[in-house]
Every structure is written in C-alpha cells, then in structure tokens.
Amino acid sequence: MVRLPRRQLISALAFSAAAGSVTLRPSDPFISAKVSRLVPDPFTLGVASGDPWPSGVVLWTRLAPEPGEPNGLAGMARRSFPVEWQVSEDAGFRTIARAGRVFTDPNWAHAVHVEVDGLRAGATYFYRFRVEGHLSPVGRTRTAPDLLSKAEGSRFALASCANYEEGWFTAYRRLAEDDPDLVLHLGDYIYESPELGQPGARRVRGHEGFEAITLADYRRRHAQYKTDPDLQHAHAVAPWAVVFDDHEVDGNWAGFHPETPQPGFAGRRATAFRAYYEHMPLRRRSLPRGPFMRIYRRLGWGALATVHLLDTRQYRDDQVCGDTRAVGCHARLAPGRTLLGAEQERWLDRGLRASRTRWDLLAQQVCMAPRDTSSGPFGAYALDGWDGYASARRRLFESIVSSGVRNPVVVTGDVHRHYANDLALDGRTIAAELITTSVSSGGDGSRTTARIDVELAQNPGLHWADCRRGYVALTLDANQLRADFRTLPYVTRPGAPATTAASFALQDRRRGLARIA
Ligand code: FE
Ligand code: CA
C-alpha cells in the first residue's frame, strides 16, 4: 500500500466505513505522483457534490492549507493552481468515467466547481481531486434519475441550522449513515454572528473571529465549518442541494434591509453571497453578480419528484421589523407584500403547472403554516416567516390549488424544531409542511415545552412537534411519501445516537399527514 499523509488515509477509511470499499492501489497513477513540499495539504475542507441532473453533477472543493488564516486566503498564494479531478464508477478508481483539469482563481478563494457531464442517469459515482501531488478525500455522489425513471425508494434528507458554537454536528453524521440519495439543506449553514443564537444556550465550541462582515471573515467562517469532520462526511456520501436563509448573510435580513440598521448592507450581502457560492457545490448559473444571486431553481428526480428550491430572503419587498417581538411590528404588516418577489412567484406557479412528477417538494426556509402567536410561543420568529406575509401565502396556496399539482409538500427549516403540519386554504387541506429541526442551533433542547403544548392545542393543522436537534429522512415511493423525524438526545457532547421520534406518511393524491409510527 502506498504511504499517504495520515489525514488523507483517515478520511479514506472513514469514507469506506459508510460507503463500502475505498481501496488505495499502489498501481493507481493518481496516487503515485510526487507530493509537493512547497504546498501543504490543501484539502482540509473536504469535498462535496451537488445539484445533480440526469447526466451530471457539480463537484466541489476549495484549496485551503490554513483554513483559519484571518485574511481569508487560507494559506494559498495569489496565483492560479491547476487542479486535476476524476470521476470513477468504483471507489477504487479502476474505471474512470470522466476526468479533467481546472485552474483555480485566487479572487474566488481557490474554490473549485466542476460541472461534470456525460454520466449515466440515476447512477453512483466516486470522485477526487489532486493538486501538487496532494490527493483529496474521496467523495461519493449520484446523478439524478432520468425523466421516465420511477426511482422508487429514493431517499432525501432534510437539514438546517447548524450553529458551530451551540453544538456538535452529530446530526450530519447520522444523516450520512442513513445513506440518502440527496441532501436538501434549507439554510443557516453557517452563522455569521459570534454570539449564541438563543439566550441561555451553552457555548460548546467557538467561532474563529468576530461577526462576519468582510469577505475574509465570511470565507474564514465557511472554512471553519467545513473543517468539521461530521459535516465533511455528510458532503462526501451524497450530493447536496442548498439554499441560504438569513444567517449566511445577517440575522433576519430581508431584501436590502438588515435587521439592525447598518451602512452598506448591499455590499455586505454581495460579500456573503460570494463566500457562499465559493463554498457550496452550486452550478455556474448561481454565480453571484454583486448583491444578486440566483439560488431559486428546480431539480428533477425522475418521474418521482420535482424539487422547487425557493429563495425567501432576497426578494422581500419591505423592511424587516427591527425586533420581531416588538408590538409595533404588527402595524407594519401591509397587504401586497411579497416574500418570493413577483418573478419567483410566477416561476413557481409555472413550475407547479408544468410538473408531471408524483411528488413536488417546495424546499424553502421559513415557516409556512400559520401560527397563533397570541400566547407568544412563536413570537420571535413568526413575522419573519410566512405569517408576516399572509397575502403572499394566500397567493401561493391558490397557485398550489389551481395548478392541479399532484402531491405538494413543503419542506422547511429555520425554527429549530421538528413540526408536522397540514396546510389549509379556507379550511381545506391543500398540502403538507414538514419542518426539520436544527442540526445544533439551540443546544440540546427537549422533547416538548409548555409553549409547544399551547401551540399544539391552538393550531389544528399542527400534528406534532419536537424541540430536540436532528434531521428529517424522507422516503419517496409512487404511492407514499414517508417522513421520519430523527432526533438526538444531545449535541453539547459528541457522538449522540439518532432515533426516530415520529413518522408521518402522505398517500398519493390524498391530502393530510397521517402518523404511522
Ligand atoms: Fe437558524
Ligand atoms: Ca434562519
């Protein structure tokens, strides 16, 4: 066996435990190249893949030998580096399906985005990178099934809200162990702030630096998150489709309005978008142009599912309430507000009408189900979500109904709790909303709280809730969509097991969630 740098060997072995076999062959020419002593191992951030289509997928890595460098360059020189990549049919890289070389740009933080095409539909592939003789960890990915494929038994994982300071990312590891075909990340992938998101929560580990404001800050923050081994592992086992929420930029931002007044917010938004693109396996069509970034998009998954990934931040048309708990906030609610923006609303309506798939997932950030907030259980978040945009929500619900879409399912993050909801228009159930809890934000949490009990009693469409950390595992068949709400007993210590706290199912052409376990 070839001698490898220890970290590389460990990551290869860690991957093999989940994915089968990664054999390092002495005859493998990719490995036997001379390793440069001038450049230290640049693959400290792992690898990722994303946005699969039937004949391809995006491969990602970023060269970062010193991810903690405050200047945001992660120890790389300000020149271009050639990075070779390989996609293989097998984990041992015996049968190379595609290979190539790209040049990094120091102005884009030496991030690598390869849009590999010419692959088989609905197939598993392995990929890796090499630069200056250094070999990256091996990632596994999948292409989307072709249009006619039934793709029964496909599994999607939902995740959101991973505050590094508030807990270990064990949920990412457990999610990876379920072997999903696709991971949908619904926002709050990083937290820009140095403070804890929730009062009273215990700080488990620290962010490097202060609040992210400059490009160097955001790059360093993303890099710190990507050094987490549980997160790296989850990226290495399956493709992800990501959308940002507020904390990738600034807490509760809306359109061009930050939560608290600050000069130059458009510039900060542009900066945050740029760093987000640099660190995510996104296609070139999502490349930001100044403070604009096209993140809403559609992914097809055979005849089984369409995923409409939405952007509920960038196109909001009005000012956010400085403090969403403030009484005066209600006075600022006006009809005609939009959460998606007119263009995205039309795009979604057209997409729902055109869809012929069995399931249509609306993957988005903020809580869509109405909440009675009079007793305060949800007050801090309610007006930042669809409750603050009731007329826009009504338009969306009417679009869902009039489009005739077969099985609409909204999947949501943001609120750091699991919720199973039915969504109703004028008293009639029209869709389901599955909300995934946080990966770590909020700390350990508890199964329920007094406030949740009130909320369950006051909101008839709400079936069930849980306030611990975790993720949601979806299994999609032609006749049924099943949601397993996975929870962890703790995240303030590493290594928690995951168990299914509740399971709900939807049947084809029937509205309304049913609890099955
Ligand atoms: Fe969050
Ligand atoms: Ca959020």
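First, a word on scope: everything that follows refers to the structure included in this document.

Definitions and limits used
Residues numbered from 1 in each chain as written. Chains lettered and ligands numbered in written order. Predicted model: local features only at pLDDT ≥ 70, side-chain atom pairs only at ≥ 80, totals over all residues. Heavy atoms only, no water. Donors = N, O, S within 2.8 Å, 3.2 Å for Na, K, Ca; no water. Tetrahedral: all angles 85-135°; square planar, octahedral: opposite > 155°, others 65-115°. Helix = DSSP H or I, 4+ residues; strand = E, 2+ residues; numbered from the N terminus. Buried < 20%, exposed > 50% of the residue type's maximum accessible area, 1.4 Å probe, protein only. Pairing = 2+ DSSP bridges. Salt bridge = Lys/Arg side-chain N within 4 Å of Asp/Glu carboxyl O.

### Here we look at the coordination of the iron ion (ligand 1)
- All of the protein donors around the iron ion (ligand 1) are Cys161 (SG), Asp188 (OD), Tyr191 (OH) and His416 (NE2); their distances to the metal are 2.1 to 2.5 Å.
- Around the iron ion (ligand 1), the four donor atoms sit at angles spanning 85 to 167°, and that spread fits a shape best called irregular.
- When the donor residues of the iron ion (ligand 1) are listed from N- to C-terminus, their spacing reads C-x26-D-x2-Y-x224-H.
- In this model, the iron ion (ligand 1) sits 3.7 Å from the calcium ion (ligand 2), the two metals being bridged by aspartate 188. With tyrosine 191 in the loop between strand S10 (182-185) and helix H3 (215-226) and histidine 416 in the loop between strand S15 (408-412) and strand S16 (418-425), the pair connects residues that are 225 residues apart, well separated along the chain. A single burial state applies to tyrosine 191 and to histidine 416, both of which are buried.

### With respect to the pairing of strand S21 (residues 499-507)
- Direction of pairing for strand S20 (residues 480-488) relative to S21: antiparallel, over a ladder of eight bridges. Paired with glutamine 480 across the strands is glutamine 507, a residue of S21.
- One ladder, built from two bridges, connects S21 with strand S22 (residues 514-515); its direction is antiparallel. Counted as the bridge partner of alanine 505 is alanine 514 from S22.
- Counted along the chain from S21 to the antiparallel partner S22, the turn is six residues long, and its residue arginine 509 has a positive phi close to 65°.

### Examining the pattern of salt bridges
- Per the stated rule, a full pass over the model turns up 31 salt bridges.
- One salt bridge in this structure joins arginine 313 and aspartate 384, with 2.7 Å as the shortest N-O distance. Of this pair, arginine 313 sits in the loop between strand S13 (305-309) and helix H6 (342-354) while aspartate 384 sits in the loop between helix H7 (379-382) and helix H8 (390-403), and the two are 71 residues apart along the sequence. Aspartate 384 matches arginine 313 in its accessibility class, with the two residues each being buried.
- A salt bridge links aspartate 484 to arginine 482, with the shortest nitrogen-to-oxygen separation between them at 2.9 Å.
- Taking the relative accessible area as the measure of exposure, arginine 482 reaches 28% and is therefore partly exposed.
- Connected through salt bridges with shared partners, the residues Asp245, Arg313, Arg316 and Asp384 form a single ionic network.

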